[in-house]
Amino acid sequence: MSKRILVIGAGFAGMWSALSAARLLDHVGRNDVEIALVAPEPELHVRPRLYEQNPNGMKAPLQEIFKAVGVRFVQGRVEHIDVANREVSIAGVGADTSRQRIGYDRLVLAAGSRLFRPQISGLDQHAFNVDQVADAAQLEAHMHGLASRPKSAARNTVVVAGAGFTGIETAAELPARLREVLGEDATVNVIMVERNAAIGPDLGEGPRPVIKQALTELGVTWKLGSGVAAIDAKGVTLESGERIEADTVVWTAGARASELTAQIPAERDNFGRLYVDRNLKVKGVEGVFATGDCAYAATDDDGNFAMMSCQHAMNLGRSAGHNVAADLVGEAPIPYSQPKYVTCLDLGPWGAVYTEGWDRKVKMTGGVAKALKTRINTEWIYPPSADRAEAFALADPQRIVVA
Ligand SMILES: Cc1cc2nc3c(=O)[nH]c(=O)nc-3n(C[C@H](O)[C@H](O)[C@H](O)COP(=O)(O)OP(=O)(O)OC[C@H]3O[C@@H](n4cnc5c(N)ncnc54)[C@H](O)[C@@H]3O)c2cc1C
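Residue numbers run consecutively from 1 along every chain, following the written order of its sequence. Reporting in this predicted model follows two pLDDT cut-offs: at least 70 for local features of residues, and 80 or more for side-chain atom pairs to be given and counted; totals over whole chains, interfaces and linings ignore these cut-offs and use all residues.

### Side note on the overall build of the chain
- Strands are runs of DSSP state E lasting at least 2 residues, helices are runs of H or I lasting at least 4, and numbering of each runs from the N terminus. What the chain contains, in helices and strands, is 9 helices and 24 strands.
- Taken over C-alpha atoms, the radius of gyration is set against a globule rule of 2.2 Å times the number of residues to the power 0.38. Against the 2.2 N^0.38 benchmark of 22 Å for 403 residues, the chain shows a C-alpha radius of gyration of 22 Å, consistent with a compact globule.
- Taken along its principal axes, the extent of the C-alpha atoms in the chain is 65 × 50 × 40 Å.
- Out of the 403 residues belonging to the chain, those deemed buried represent 44%.
- Contact definition: two residues whose C-beta atoms, as placed from backbone geometry, lie within 7 Å. The long-range share in the chain, meaning contacts at least 24 apart out of those at least 6 apart in sequence, stands at 66%. In this scheme the burial state of a residue depends on its C-beta neighbours within 10 Å: 20 or more other such atoms mean buried, 12 or fewer mean exposed, and anything in between means partly exposed; the C-beta positions come from the backbone.

In structure tokens form, the structure reads like this:
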């Protein structure tokens, strides 16, 4: 192999980048380019499902599909990106303490995002979250342990910090999950705390009445207009001074792009995402593409930009993979375009709400929307089967998923 495309990350964007790059190389008959993908595990972690039960089960293996399309998997964690010398340093994971350097001709940065943890007293020590598989598993183990604690209102209370997308989905699940642990007759309290004046501040007016109705029927309450000031083992103190006694606090407020984005000498947005052009090449940096939650990418010509979402990460991945390979072998790029934007918000046992457009017009609610959410979460976002032809068909950057 004389050339190498290196993809960092095996999430939605990284997986689809690798498959799409392999697809283009196959189509143009180039077998002198290696596609290597580096990640801690050869598996896709299905982060959009981590508010559900059994987070340890939210992983999909990738080794077979990578084998089928000829992607080399490199196990490890990238620590350093040397853009000038086109090389990355990789540390082994777990018991593997080795270090290695791998050069690249083209790089795709698809290392995703992490939960935003502001400097709030007690946040790191006392708050749970549903950001990564291990985090969500820790919350689940803690919840199972509640049953063996002495009965108290605090034991039966969960504070969900943040009433955005993840906070709402998490809160909607919790009353039923608490009752499963504490008994069907237990009085449980799930309280969302949101600094903004409205639930779902970024979700807009459209779906808000449905969200409020669902949460009310599920018994979830909320406190608006005051953020969390401090967290300790016994609960939270709000900026207003109000105190909520709770054995469980779940922090859900925001995400930031992987810290690896800071190693690329280029402009980033407030979330740490790299500014990319329409082909997803990082602006001003030769040979480097960014995708998924690492990219600040225009979705259309109307001024809309990709959200940190699985919906965008999958298409961004297919585009980045095609374009990085096209750039390397001198084929035409296909500019990233994803004009249709939808939202499907899980509202626990109540159902879901589905909206269309950037102004989020409600199109479906309740059980019908929940059926769609279930399909999205159990079928559409999972990797394709380990079949080369099928994977290449699905990796087409021009495939329209949401019509
Ligand atoms: C609880 C929750 C609910 C969500 N719900 C929805 C939803 O309903 N709809 C929706 O569209 N989106 C949702 N999202 C957002 C969605 O999960 C992310 O936007 C999506 O995962 C981004 O995909 P990605 O491939 O860019 O990054 P990720 O999925 O984060 O994948 C990043 C990959 O990079 C790897 N990596 C990280 N650092 C390194 C390193 N240093 N070296 C090597 N590899 C590295 C990781 O191990 C992983 O394989 C939700 C997220 C959460 C946490």
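### Describing the domain arrangement of the chain
- Boundaries of every domain are those given by an automatic assignment or by a domain database. For the chain, the assigned domains are domain 1 (3–114 + 255–339) and domain 2 (119–251).
- Three classes are used: nonpolar for Ala, Val, Leu, Ile, Met, Phe, Trp, Tyr, Cys and Pro, charged for Asp, Glu, Lys and Arg, and polar for all others, with Gly counted as polar. Within the side of domain 1 that touches domain 2, the residues separate by chemical class into 4 nonpolar, 3 polar and 3 charged.

### Overview of the site of the ligand
- To decide whether a residue is near a molecule or strand, its C-beta atom is placed from the backbone and checked for lying within 6 Å of it. Taken together, the neighbourhood of the ligand is formed by 32 residues, with G9, G11, G112, G292 and S309 sitting nearest.
- If you list the elements that add at least two residues to the shell around the ligand, you get α1 (12–27), β2 (33–39), β6 (77–82) and α7 (310–329).
- Taken together, the residues of the shell around the ligand break down into 18 nonpolar, 10 polar and 4 charged.
- Looking at which domains feed residues into the shell around the ligand, each of domain 1 (3–114 + 255–339) and domain 2 (119–251) gives three or more.

### A word on the pairing of strand β13 (residues 220–224)
- In this sheet, β13 lies alongside strand β12 (residues 189–194) in parallel orientation, the contact comprising 5 bridges. For V190, the partnering residue across the bridge sits in β13 and is V220. Only when DSSP finds a minimum of two bridges between them are two strands counted as paired.

### Quick look at the packing of helix α4 (residues 133–146) against helix α5 (residues 165–182)
- The interhelical angle for the contact between α4 and α5, taken along N-to-C directions, is 45°, at an axis separation of 8 Å. In terms of orientation, α4 and α5 fall into the oblique class. Crossing geometry of α4 relative to α5 is assigned as right-handed. In this structure, α4 uses M143, H144 and L146 to contact α5, whose residues at the interface are R177, V181 and L182.
- Residue classes in the contact of α4 with α5 are distributed as 4 nonpolar, 1 polar and 1 charged. Here an axis means a line fitted to C-alpha atoms, over the contact stretch when the element is a helix, while the angle between two N-to-C directions is reported on a 0 to 180 degree scale. What sets the label is the angle itself: under 35 degrees gives roughly parallel, over 145 gives roughly antiparallel, 65 to 115 gives roughly perpendicular, and the rest give oblique. By convention the crossing between two helices is left-handed if the near helix lies anticlockwise of the far one by an angle smaller than a right angle, and right-handed if it lies clockwise.

### Digging into the environment of T378
- In this fold, T378 is placed in helix α8 (residues 366–380).
- The spacing of T378 and M58 is 320 residues in sequence and 9.8 Å in space, taken between C-alpha atoms.

### With respect to unusual backbone geometry
- Of note, N54 is a non-glycine position whose phi angle comes to about 55°, a positive value.
- Within the secondary structure, N54 sits in the loop between β3 (43–45) and β4 (59–61).
- With a phi close to 50°, R86 is a non-glycine residue in the positive phi region.
- Relative to the assigned elements, R86 resides in the loop between β6 and β7 (87–91).
- Taking the C-beta count within 10 Å as the criterion, R86 has 18 such neighbours and is therefore assigned partly exposed.

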